[in-house]
Amino acid sequence: MCPFSSNTTSHLSLLTSDAVGAIITAMQYNPVDGSPTTFNIGSGEMSNLALLADGIQELADVEFHRTPTKNVIDVEQSSAARAASLSSNDYLGWSATTSLKEGAAKLLAWHIDRALPFFPPSTDSEHVDYSSVQVLTKEQQADGELPMSIPIDGEKILNRRGLSSCSSDDPICLRELHTSYPCSSECSSQSCTPSIFDGVMYITHEATEDCDIVMYTMALGYDIENMEIETEYSDGSEQEEWDETTVCTIAFIPSDSTLAKNVISQIPISSLAKRDIPPNSDYDTKVKKLSGYIAHKGWALVLVDGATEPLTAEDMFMLKLSPARMFHETVRKLMFVDENFSHTPYPEDAQFLTSETSRGVLKKRTITGPDAKGKKVKYKLPEEPQRRAVLLVSPMRKIPEVDGDKMPLADITISLMDDVGLDTSDDEPTEIRTQRQFYTQARSLINSNDLRSLTSVAQNKIEIKDFIRSKWIVHHLKLEEGHQLRCEWYREHVRWGTHLDQLSFAYVMAKRELTRKIITKQPVPPKRKDGLTILEQIIRIRSDAHEWYPIFSAEGAAMHVSDISPEVVPPNLQDLPENEVHDAKPDAYYSDDSSTYYVRIMSDERMMESRKQWMKLKNNHRKYVTRMKEKQAQRAAEAEE
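Note that the structure is a prediction, hence the values are computed from the model and not measured. (Residues numbered from 1 in each chain as written. Predicted model: local features only at pLDDT ≥ 70, side-chain atom pairs only at ≥ 80, totals over all residues. Heavy atoms only, no water.)

Okay, the pattern of salt bridges next. In total, this model carries 25 salt bridges according to the counting rule given. Residue Lys320 is joined to Asp501 by a salt bridge in which the shortest nitrogen-to-oxygen separation is 2.8 Å. Here Asp501 lies in helix α18 (residues 501-519) and Lys320 lies in helix α13 (residues 313-321), a separation of 181 residues in the sequence. Residue classification places Lys320 among the buried residues on the basis of a relative accessible area of 6%. With a relative accessible area of 2%, Asp501 lands in the buried category. Taken together, the shared-partner salt bridges connect Glu356, Arg359, Arg365, Glu384, Arg387, Asp544, Glu547, Arg600 and Arg606 into one network. (Salt bridge = Lys/Arg side-chain N within 4 Å of Asp/Glu carboxyl O. Helix = DSSP H or I, 4+ residues; strand = E, 2+ residues; numbered from the N terminus. Buried < 20%, exposed > 50% of the residue type's maximum accessible area, 1.4 Å probe, protein only.)

Here it is as structure tokens:
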């Protein structure tokens with residue numbers, strides 16, 4: 001191949017496809033006497049940084065700090081152009097086809113879609129609000145209006161230059177599949193697509209105003225006749241009387257389902273009158289005015305149009321995995337419950353589980369545990385920082401006790417299929433097999449290159465091991481880290497179109513954990529023997545640290561369970577009073593400023609223990625509120641006398 005160069009002042013106009021074309025064409029050139037030849041493949045456009053900045057500012061809706069700029073540079077007279085002895089157009093019959101404006105737009109779109117796939121992170125991670133997108137009524141959507149506060153993306157930038165996006169099946173296209181999401185998803189940008197939820201966003205915002213927590217379920221994609229899952233209706237008023245976090249209960253069902261028709265047909269005329277609905281109104285009118293205001297089996301029903309037909313993966317999993325835009329800005333936490341959940345979820349359950357997304361600092365403490373010979377000795381556990389979970393779930397039952405890089409994904413997949421009610425006696429569905437095989441091959445490819453670098457941190461392996469049950473999920477809506485994780489999970493899952501969001505979650509967590517290890521320069525751990533070490537057993541018994549999986553952010557990595565090192569108390573100090581065992585109770589004081597962020601996968605055993613402690617606190621709080629109300633009533637009575 002003959003060497004060639006482009007002029008640096010016009011490099012933006014030389015897009016990747018142009019550069020590839022120049023290289024291929026130059027390979028066909030036969031230089032005279034085999035001497036090196038330099039070609040000028042620049043477009044020849046005259047430009048300066050100010051003009052380029054103006055174009056980018058127009059494209060991206062941003063403002064730059066301006067400094068004086070030099071005069072326009074004639075690229076044909078630049079040093080690089082003069083050094084090029086031959087013109088690519090004259091000698092190769094090739095010239096760049098991409099103008100500076102077009103190239104800048106394509107490059108900017110490319111960078112935005114990859115660097116900010118779910119739009120720029122909030123600068124205030126404690127007060128993010130992804131519900132603030134403009135909520136449109138059905139009439140506004142019918143007129144083709146779009147929520148104006150949805151962030152810009154690469155597709156919009158290309159449109160502003162009159163450029164079309166390349167197709168996802170184009171072999172030289174660099175855009176990923178599923179770069180557009182439903183407009184009602186918190187992950188969507190301006191190239192979003194309409195969905196069945198667009199018409200009910202304003203209803204759910206009204207129905208959940210002033211709710212701290214929303215517990216919700218959905219039965220969509222078929223003609224539902226009866227809801228199997230029940231709850232206790234709550235609009236938050238009961239909890240408000242006790243000065244507690246308020247809980248609202250919501251269910252999404254098709255508006256034209258048998259269940260919706262039966263419920264609406266049983267509404268008394270007097271109740272219709274309260275909603276200003278004449279008795280002879282047609283069904284569509286009743287749906288429009290009653291959606292969000294009728295209850296069934298404890299759920300306030302949100303009636304979704306066009307939802308009796310099978311849904312796309314994007315619509316089917318949006319409410320479960322990326323729901324923040326669907327609820328009012330006052331809602332801080334959500335608890336999703338699957339329609340086939342085997343237990344009756346109550347508002348109290350939502351209160352408890354959402355409380356488990358955070359805990360205070362655990363001070364240094366002394367605990368008892370076995371030594372290598374099984375004898376009980378004392379250990380000192382170091383202080384653990386306060387923790388906050390962006391996501392709370394429960395672990396999959398009976399996960400094999402093997403290293404994550406050796407986890408039998410085929411067996412795991414069968415267990416996950418069984419958990420979601422899929423028939424495991426037949427052959428594995430094609431889409432599930434494709435997803436599993438991709439993860440298996442990705443793990444094999446990454447882990448087979450142990451010697452790819454002399455740096456030990458680069459030799460960490462990807463371990464697909466964090467398998468969960470997702471019949472219920474608790475989301476924290478007001479943390480930026482939670483938004484990014486939800487969208488990454490949603491993006492990963494909908495590209496496969498399977499029912500196994502647990503498998504997608506495990507892969508996302510594996511990639512994040514590998515990234516954390518490399519960025520924080522965590523050395524490769526030594527090869528371990530089968531089973532937990534004595535110290536790991538002690539931590540698992542006496543600490544909940546193994547349930548908190550750190551989320552790496554720009555501010556650094558949170559504390560990992562591997563950072564906790566129990567220290568054996570010397571035998572001659574075992575019986576001293578200051579080393580007596582005490583309970584590890586979190587500090588009552590909680591600071592938002594020093595929080596670190598995690599995913600919490602909470603075990604059933606610890607959940608039961610924590611529930612008992614939480615109930616005691618709740619009962620004590622209600623007794624206190626009762627006493628305060630009695631005293632207020634007594635003072636009021638005395639004042640009247």
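The rest of the description comes next.
A few words now on the pairing of strand β3 (residues 213-218). A regular strand carries its side chains on alternate faces of the sheet. Within β3, 6 of the 6 residues are buried, which leaves the element mostly enclosed by the surrounding structure. Burial of β3 is two-sided: the residues Ile213, Met215 and Thr217 facing one way and the residues Val214, Tyr216 and Met218 facing the other way are all buried. Of the strand pairs in this sheet, β3 and strand β4 (residues 247-254) are connected by 6 bridges, and their pairing is parallel. Across the sheet, residue Tyr216 finds its bridge partner in β4, namely Ile250. With 4 bridges joining them, β3 and strand β7 (residues 333-337) adopt parallel strand pairing. Looking at the pairing, Met215 lines up with Met335 of β7. (Pairing = 2+ DSSP bridges.)

For Arg611, the location among the structural elements is in helix α20 (residues 604-640). The partly exposed category is assigned to Arg611, whose relative accessible area is 22%. Remark: the alpha-carbon pair of Arg611 and Asp349, spanning 262 residues in sequence, is separated by 9.2 Å. Those residues in contact with Arg611, other than ones at most four positions away along the chain, are Glu348, Asp349 and Phe352. Only 3.2 Å separates the side chain of Arg611 from the side chain of Glu348, close enough to count as a polar contact. (Contact = heavy atoms within 4.5 Å. Polar contact = N/O pair within 3.5 Å; in protein donor to acceptor, adjacent residues only side chain to side chain.)

Between its terminal C-alpha atoms helix α5 (residues 100-115) stretches 22 Å, which fits the 22 Å expected from 16 residues at 1.5 Å a residue. Those residues of α5 that fall on the buried side of the exposure criterion are Leu100, Gly103, Ala104, Ala105, Leu108, Ala109, Ile112 and Asp113. The elements touched by buried residues of α5 are α2 (49-60) and α7 (154-160). (Expected span 1.5 Å × (residues − 1).)

Turning our attention to the packing of aromatic side chains. Tallied over the full model, the rule gives 13 aromatic pairs. With centroids separated by 5.6 Å and ring planes inclined at 45°, the aromatic side chains of Tyr181 and Tyr490 adopt a geometry described as tilted. Remark: Tyr490 occurs in helix α17 (residues 480-494) and Tyr181 occurs in the loop between α7 and α8 (201-207); sequence separation between them is 309 residues. Taking the centre distance of 5.6 Å and the plane angle of 65° together, the rings of Tyr216 and Phe336 count as edge-to-face. Pair noted here: Tyr216 is in strand β3 and Phe336 is in strand β7, with a separation of 120 residues, a long-range link. Tyr216 gets classed as buried once you look at its relative accessible area, which sits at 0%. (Phe/Tyr/Trp six-rings, centres within 6.5 Å; stacked < 30°, edge-to-face > 60°.)

Here the focus is the side chain of Thr354. Inspection of the secondary structure puts Thr354 in helix α14 (residues 347-355). Apart from residues no more than four positions distant in its own chain, Thr354 is found in contact with Ile213, Lys333 and Val474.

In this section: unusual backbone geometry. Apart from glycine, the bulk of residues carry a negative phi angle, and the bulk of peptide bonds sit in the trans form. Of note in the backbone geometry, Asp210 takes a positive phi value of approximately 70° without being a glycine. Take Asp210: it is sitting in the loop between α8 and β3. A positive phi angle is found at Lys297, which is not glycine, with a value near 50°. Secondary-structure assignment places Lys297 in the loop between β5 (294-296) and β6 (299-304). With relative accessibility at 25%, the residue Lys297 sits in the partly exposed group.

Next up on the list: empty space enclosed by the protein. This structure, assessed with the given rule, holds 1 cavity of 30 Å³ or more. Looking at the largest cavity, its volume works out to about 40 Å³. Of the residues in the lining of the largest cavity, the class split is 5 nonpolar, 2 polar and 3 charged. (1 Å grid on protein atoms, 1.4 Å probe; cavity = no way out; pocket = protein on both sides within 12 Å on 5 of 7 lines; lining within 4 Å. Points joined across faces, edges and corners; volume = space filled by probe spheres on them. Nonpolar A, V, L, I, M, F, W, Y, C, P; charged D, E, K, R; others polar.)

All right, on to the packing of helix α10 (residues 258-265) against helix α12 (residues 283-290) then. For the pair α10 and α12, the least separation of the axes is 11 Å and the interaxial angle reads 85°. The orientation of α10 with respect to α12, classified from their angle, is roughly perpendicular. Each of Ala260, Lys261 and Ile264 in α10 lies in contact with α12, whose residues at this interface are Tyr283, Lys286, Val287 and Leu290. Partitioning the contact of α10 with α12 into residue classes produces 5 nonpolar, no polar and 2 charged. (Axes fitted to C-alpha atoms, helices over the stretch in contact; angles between N-to-C directions. Parallel < 35°, antiparallel > 145°, perpendicular 65-115°, else oblique.)

All of the buried residues in α12 are Lys286, Val287 and Leu290. With its buried residues spanning 100° around the axis, α12 presents them on a single face. Lining the buried residues of α12 we find α10, α11 (269-274), β5 and β6. Looking one or two residues past α12, Gly292 carries a phi angle of roughly 90°, positive in sign. (Arc of directions from axis to C-beta.)

Another aspect to go through is the environment of Ala295. You can see Ala295 is positioned in strand β5. Spatially, the C-alpha atoms of Ala295 and Val263 are 8.5 Å apart, while their sequence positions differ by 32 residues.

In this section: the packing of α14 against α20. A pair of packed helices can be characterised by two numbers: the angle between their axes and the separation between those axes. Running from N to C, α14 and α20 cross one another at 110°; their axes reach a closest spacing of 10 Å. As judged from the angle between their axes, α14 and α20 are roughly perpendicular. Only Met607, Ser610, Arg611, Trp614, Met615 and Lys618 of α20 make contact with α14, whose side of the interface consists of Glu348, Asp349, Gln351, Phe352, Leu353 and Ser355.

On to a positive patch on the surface, then. Side chains of Lys623, Arg627, Lys631 and Arg635 sit close together on the surface and give a patch of like positive charge. Within the secondary structure layout, Lys623 lies in helix α20. Judged by its relative accessible area of 52%, Lys623 falls in the exposed class. (Patch = residues over 30% accessible without salt bridge, like charges linked within 9 Å, V, L, I, M, F, W, Y side chains within 5 Å. Areas by Shrake-Rupley, 256 points an atom, 1.4 Å probe, with all protein chains shown as cover. Lys, Arg positive; Asp, Glu negative; His and termini not counted. Charge placed at Lys NZ, Arg CZ, Asp CG, Glu CD.)

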